[in-house]
Amino acid sequence: MTYAITQTCCNDATCVAVCPVNCIHPTPEERAFGSTEMLHIDPRACIDCGACADACPVDAIFPVDSLSAGQREYADINAAYYEGAEPLAAEVGGPNFHAWGEPVFERSLPSDFGPLRVAVVGTGPAGMYAAQDLLLHTAAEVTLIDRLPVAGGLVRYGVAPDHPATKKVGDTFSRFHSHPRVRMHLGIEVGRDVTAEELSAHHDAVIYAVGASTDRRLGVPGEDEPGCLSATAFVAWYNAHPEAVAQGVDLSAERVVVVGNGNVALDVARILVADPEALAATDIAAHALHALRASRVREVVVLGRRGPEDAAYTRSELLALKHVPGVELVVDDHDPRTAAAIDAAGAGDRAGVLKGLARVRTDAASLTGGERRIVLRFHSEVVEIRGEGGGVRSVRVTDGGGDGGDGGTADLGAGLLLRAIGYRGLPVPGLPFDEASGTVPHEGGWVAGVPGSYVVGWIKRGPSGGIGANRTCAAETVGTLLADAVAGELPAPTGDARAFRRLARQRNRRVVDARGLAAIDRAERDRGRRDGRPRVKLATVEELVATARSGRLLRLTR
């Protein structure tokens, strides 16, 4: 029996580090690392020890013979990665099952290297991987800062609620929230409460992990109609983000159009047609669950500008979409290029996953019957969004088949449009910003021209890569920071940790610390237990701050 890596692989390579026979690839040292959608276990070399499954932070690794019907394809995906490759050679005369490369020690700190005081702005995966690196490999003191009064970032507010295994990576990060060398200041925004200069004045270095919090626009007529939203806003709504409008999404129409064909587009499409009672067992926002129970949506049309061979979603997410209970996945064959690409695709190609799916035509007509389905429509772009009575009523799209609408266009009746065509970073006050890429210019993570300031994650490299990609990204940034420290290039701070704490609380009296965060976690889990759910999230800043304060005061009075 061997093990296989499945859909929720986070690519952070924790499993690679614990494998005793070097059978998981690509490793961080290999060129393909970061370009593959997931890691793969070689079934010819796996010795069934289970170390990888124990170490996996997102529960993505299982014995092949225990895979469910919907997961069995992943055993083939793992095996196919090694087809045609030579098995790893055994070490001659040695105890190892396979040959290993020479050990590499990328960092070498002087024996008298003193502890640094580093601020990390952002508590999502990028920021927490950076904090973890510093805490595990140096004696650094870390100040965690977030503009929201709760930690988690993308893990809390970006991962779909029906992907609970992916959210488990948050457990790995949360153990550092109460680390003795960590100080937490949640609810503090750089540029509003403190300046970048003040932050630098109290720390040896500052790492900005602020992500890409806004979205890209379509640039078509009607985009500002009510009922035309960003996927960013919709994801925030169903994940109980405190800046989302709790009652702000109208699900009274039978059809929704989602523009984009990345993993986020698949996430929102799946949530829109998923069984609400299945979602009731997740941490989805209470207001979103209520709206989805009353929803009339039965069809989601996912528009892709290019063909199925060039789709941006991963094969693993598309495979999972084929197995959503009660939901049919179909392909719109309005353009002959779509069918041709699917028919010509190999088993390992993205388009090949679509073989065997029903092919349909979508038009302006309403649906018949009670089925729920997701329609993948390729070679199609939005031309215009048409509204009536204060909402979206139809979406005009290009029609490659030439038989739907005037001049190669077709009208799709829809009451909601979600654009999922990419995220974009926003400027950080006090740092340079590249408007074209939506990132902060950097050299190996160091903010160009700003000594002691660094970036990590999407604000550094743009909105690419999943959760695990931030681990190697953080390693590069922390490596650059430590090299600068050893070289004496970090400016000396003028204030200490206590002075910064006083400054933060003078500027914002609602700062949440580690004890307050623990109180929020307890309250949400308690609410979840009452409803038979893992947690019920507090959905407003006021609720979060009040719970943090009440929980902290309760502990102090015991």
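Refer to the preceding data block for the structure.
Residues numbered from 1 in each chain as written. Predicted model: local features only at pLDDT ≥ 70, side-chain atom pairs only at ≥ 80, totals over all residues. Heavy atoms only, no water.

Draft legend 1. Structural detail: the environment of G445. Relative to the assigned elements, G445 resides in the loop between β21 (442-443) and β22 (446-447). G445 has contacts with S453, Y454, V455, K460 and T477, leaving out every residue within four places of it along the chain. (Helix = DSSP H or I, 4+ residues; strand = E, 2+ residues; numbered from the N terminus. Contact = heavy atoms within 4.5 Å.)

Draft legend 2. Molecular detail of the sheet that holds strand β17 (residues 392-398). The antiparallel open sheet is built from three strands, whose spatial order is β16-β17-β18. For this open sheet the edge positions go to β16 (382-387) and β18 (409-413), each flanked by a neighbour on one side alone. In this sheet, neighbouring strand axes are inclined to one another by 20 degrees on average, regardless of whether the strands run parallel or antiparallel. Alignment of β16 against β17, held across five bridges, turns out to be antiparallel. (Pairing = 2+ DSSP bridges. Axes fitted to C-alpha atoms, helices over the stretch in contact; angles between N-to-C directions.)

Draft legend 3. Region of the structure containing the layout of surface pockets. Taken as a whole, the second largest pocket spans an internal volume of roughly 1,400 Å³. For the lining of the second largest pocket, the secondary structure elements donating two or more residues are α1 (14-18), α4 (125-137), α7 (169-174) and α16 (469-486). Here the lining of the second largest pocket gets six residues from one element, more than from any other, and that element is α16. Split by residue class, the lining of the second largest pocket holds 18 nonpolar, 10 polar and 10 charged. (1 Å grid on protein atoms, 1.4 Å probe; cavity = no way out; pocket = protein on both sides within 12 Å on 5 of 7 lines; lining within 4 Å. Points joined across faces, edges and corners; volume = space filled by probe spheres on them. Nonpolar A, V, L, I, M, F, W, Y, C, P; charged D, E, K, R; others polar.)

Draft legend 4. Highlighting the side chain of D204. Within the secondary structure layout, D204 lies in the loop between α8 (196-201) and β8 (205-208). Buried within the structure, D204 lacks any salt-bridge partner; its nearest side chain of opposite charge belongs to R117, at an N-O separation of 5.0 Å. A distance of 2.7 Å separates a polar side-chain atom of D204 from the backbone nitrogen of R117. Excluding residues that lie within four positions of it along the chain, D204 makes contacts with L116, R117, G452, L490, P491 and P493. (Buried < 20%, exposed > 50% of the residue type's maximum accessible area, 1.4 Å probe, protein only. Lys, Arg positive; Asp, Glu negative; His and termini not counted. Salt bridge = Lys/Arg side-chain N within 4 Å of Asp/Glu carboxyl O. Polar contact = N/O pair within 3.5 Å; in protein donor to acceptor, adjacent residues only side chain to side chain.)

Draft legend 5. Quick peek at the pattern of salt bridges. Tallied over the entire structure, the rule returns 37 salt bridges. For E189, the salt bridge identified is with R192, shortest N-O distance 3.4 Å. You can call E189 partly exposed: its relative accessible area is 28%. Judged by relative accessible area, R192 falls into the partly exposed class, the value being 48%.

The values are spatial; any link to function lies outside them.
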